[in-house]
Amino acid sequence: MSKRSSLASFPARFLLPALAVLALGGCQTTSLEDVTGALGTGGKSDPAATADARPDMDGLRERYRAKPSDPAIALDYGKALRQTGQRAQAVAVMEQAVLAHPSNKALLAGYGRALADNGNFQQAFDVLSRAHTPEDPDWHILSAQGAALDQLGRNEEAQQYYATALKIVPDEPTVLSNLGLSYMLQNNLPKAEQVLGRAYQRNQNDARVRANFALVLGLQGREAEAETIVKADLPPDQAAAKVTALRQLLSKKQRQRAEK
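Overview of the structure. Since the structure is predicted, the reported quantities are computational estimates derived from the model, not experimental observations. (Residues numbered from 1 in each chain as written. Predicted model: local features only at pLDDT ≥ 70, side-chain atom pairs only at ≥ 80, totals over all residues. Heavy atoms only, no water.)

Observations regarding the overall build of the protein chain
- Helix and strand counts for the protein chain come out as 15 helices and zero strands.
- A total of 260 residues make up the protein chain; the buried ones form 50% of that total.
- Sequence separation of at least 24 residues holds for 55% of the intrachain contacts in the protein chain that already meet a minimum separation of 6.
- If you sum the accessible surface of the protein chain, you get close to 11900 Å²; carbon and sulfur atoms cover 48% of it. (Helix = DSSP H or I, 4+ residues; strand = E, 2+ residues; numbered from the N terminus. Buried < 20%, exposed > 50% of the residue type's maximum accessible area, 1.4 Å probe, protein only. Contact = heavy atoms within 4.5 Å. Areas by Shrake-Rupley, 256 points an atom, 1.4 Å probe, with all protein chains shown as cover.)

Dropping the structure here:
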């Protein structure tokens, strides 16, 4: 049996997609970005995101085919592919763009995000490392690197990246949310609650922040409080869906603990 505690042994690959359902209320997209908000502005936390993006796909595809070497077009097309769940294709497009423009940091960042969406977390971390420099760090990318490390089970390293990002943008709620989730994965629930509470205070409208905060409360037996947070200000049908998702996730965690 692992030396890690029971929650820490609940792998990120199981916890994070379940959190996506909780955060997005049933949206089919379950990328790392959708769960934690770690990877920048490429995705939307709205179930209609894919429907909104689809009408532009034909035009973007034609623009890309006409000028595949244009970095701005490749970036827009790769972002749209990610938004519509075409993850492998997004990786392929961004990989070709980076091969043509190996020093373009925006393309490297987009490629790293696409790799993370596709589950290639070590490669994503390596590519994201090339998308900024220690002399000119980008807090979005630092947070994305931390999220990739959390997916790899390297939580303490991830927390160092979040700490560096927070030096640039103190109390940024998306970074705090990622940091809190990292502590959750280590089963440090009091610390996770403290950090996620700060994130929630800073932005109560971010579905991912609310989902993470609700989860940590639920894991500590405060289900009623968690349900109140996760369903706040939502229409009844969406609120019910999020409460159901939260209960299912907590039930799965309890079963996992019992099996231990």
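Having seen the structure, we can now continue with the description.
Some details on the nonpolar core
- One finds M184, F213 and V216 to be the most contacted residues of the largest nonpolar core, which totals 37 residues.
- Elements that contribute at least two residues to this core include exactly α9 (139-151), α10 (155-168), α11 (173-185), α12 (189-202), α13 (207-219), α14 (223-230) and α15 (236-259).
- Sort the elements by how many residues they give to this core and α13 lands first, with seven residues.
- Sequence-distant contacts of V216, that is, excluding residues within four places in its chain, are made with M184, L189, A192, E193 and L196.
- Of all hydrophobic cores here, the second largest spans 28 residues; its members include Y64, V98, Y111 and F121. (Core = buried A, V, L, I, M, F, W, Y, C linked by side-chain atoms within 4.5 Å.)

Topic: the packing of aromatic side chains
- Tallying each qualifying case throughout the model produces three aromatic pairs.
- With a centroid separation of 5.6 Å and an interplanar angle of 80°, the aromatic rings of F125 and Y161 are classed as edge-to-face. Here the residue F125 occupies a position in helix α8 (residues 121-129), and Y161 occupies one in helix α10, the gap between them amounting to 36 residues.
- Y161 sits in the partly exposed class, given a relative accessible area of 24%.
- For the ring pair Y200 and F213, a centre distance of 5.1 Å and an interplane angle of 35° mean the geometry is tilted. Of the two residues, Y200 sits in helix α12 while F213 sits in helix α13, which places them 13 residues apart along the sequence. (Phe/Tyr/Trp six-rings, centres within 6.5 Å; stacked < 30°, edge-to-face > 60°.)

In short, shape yes, function no, at least from these values alone.
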